[in-house]
Amino acid sequence: MNYMPGTASLIDDIDKKHLVLLRDGRTLIGFLRSIDQFANLVFHQTVERIHVGKKFGDIPRGIFIVRGENVVLLGEIDIDKLCDNVLQQVSIEEILEEQRLQQQAKQKTEKAKVTALKDRGLSIPKADNLDEY
């Protein structure tokens, strides 16, 4: 096995099924079709997998281009290996509803935390301001 520097090491992974975790938290699964020197990726037959608790749903996305700087994790999926179905697959509508409920609960918890800190004279900087430092 010869080592190739940089994104050239991904050439052997073309036409294999991969999972990619993006910076915004999304998970994509698809066949890697192309890469470039900036680690930009092109996926084919891509699905966006949404996890909520022990449930997941797949939303078909088709051809998907991912800018290299947005990739957190990239891994090959062994399609021959049987997986233990710990997670339950549900419909797209059901998983989107579960995700919405989870986000509402998270916002409610965050709001309560900010209120409690404000009562104590403390404040948390907003997430959109953190990039300025």
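This text goes with the structure placed above it.
Every value quoted in this text rests on a predicted model; they were computed, and no experiment measured them.

Scoring rules and cut-offs
Residues numbered from 1 in each chain as written. Predicted model: local features only at pLDDT ≥ 70, side-chain atom pairs only at ≥ 80, totals over all residues. Heavy atoms only, no water. Pairing = 2+ DSSP bridges. Helix = DSSP H or I, 4+ residues; strand = E, 2+ residues; numbered from the N terminus. Salt bridge = Lys/Arg side-chain N within 4 Å of Asp/Glu carboxyl O. Buried < 20%, exposed > 50% of the residue type's maximum accessible area, 1.4 Å probe, protein only. Polar contact = N/O pair within 3.5 Å; in protein donor to acceptor, adjacent residues only side chain to side chain. Contact = heavy atoms within 4.5 Å.

Turning our eyes to something else, we now look at the pairing of strand 3 (residues 41-52). The pairing of strand 2 (residues 27-35) with strand 3 spans 7 bridges and is antiparallel. Within strand 3, the position partnered with Thr27 by the bridge is Arg49. Judged from the 10 bridges that link them, strand 3 and strand 4 (residues 55-66) form a sheet pairing that is antiparallel. Residue His51 lies in a different strand from strand 4, and its bridge partner there is Phe56. A loop of 2 residues connects strand 3 with strand 4, the two strands running antiparallel in sequence, and Gly53 in this loop sits at a positive phi of about 60°.

Taken as a whole and assessed by the stated rule, the structure comprises 9 salt bridges. Here Glu98 makes a salt bridge to Lys55, at a shortest N to O gap of 3.3 Å. With Glu98 in helix 1 (residues 92-119) and Lys55 in strand 4, the pair connects residues that are 43 residues apart, well separated along the chain. Take Glu98: its relative accessible area is 27%, and that puts it in the partly exposed class. Where Lys113 meets Glu110, a salt bridge forms, and the shortest distance between an N and an O atom there is 3.7 Å. With Lys113 and Glu110 both in helix 1 and 3 residues apart, this pair spans about one turn of that helix. In this structure Lys113 comes out as partly exposed when scored by relative accessible area, which is 43%.

The next point concerns the side chain of His18. Its location among the elements puts His18 in strand 1 (residues 17-22). A polar atom in the side chain of His18 sits 2.9 Å from the backbone oxygen of Lys16. Once you skip the residues sitting within four places of it in the chain, His18 turns out to touch Asp13, Leu28, Ile29, Gly30, Leu32, Phe43, Leu74, Gly75, Glu76 and Ile77.

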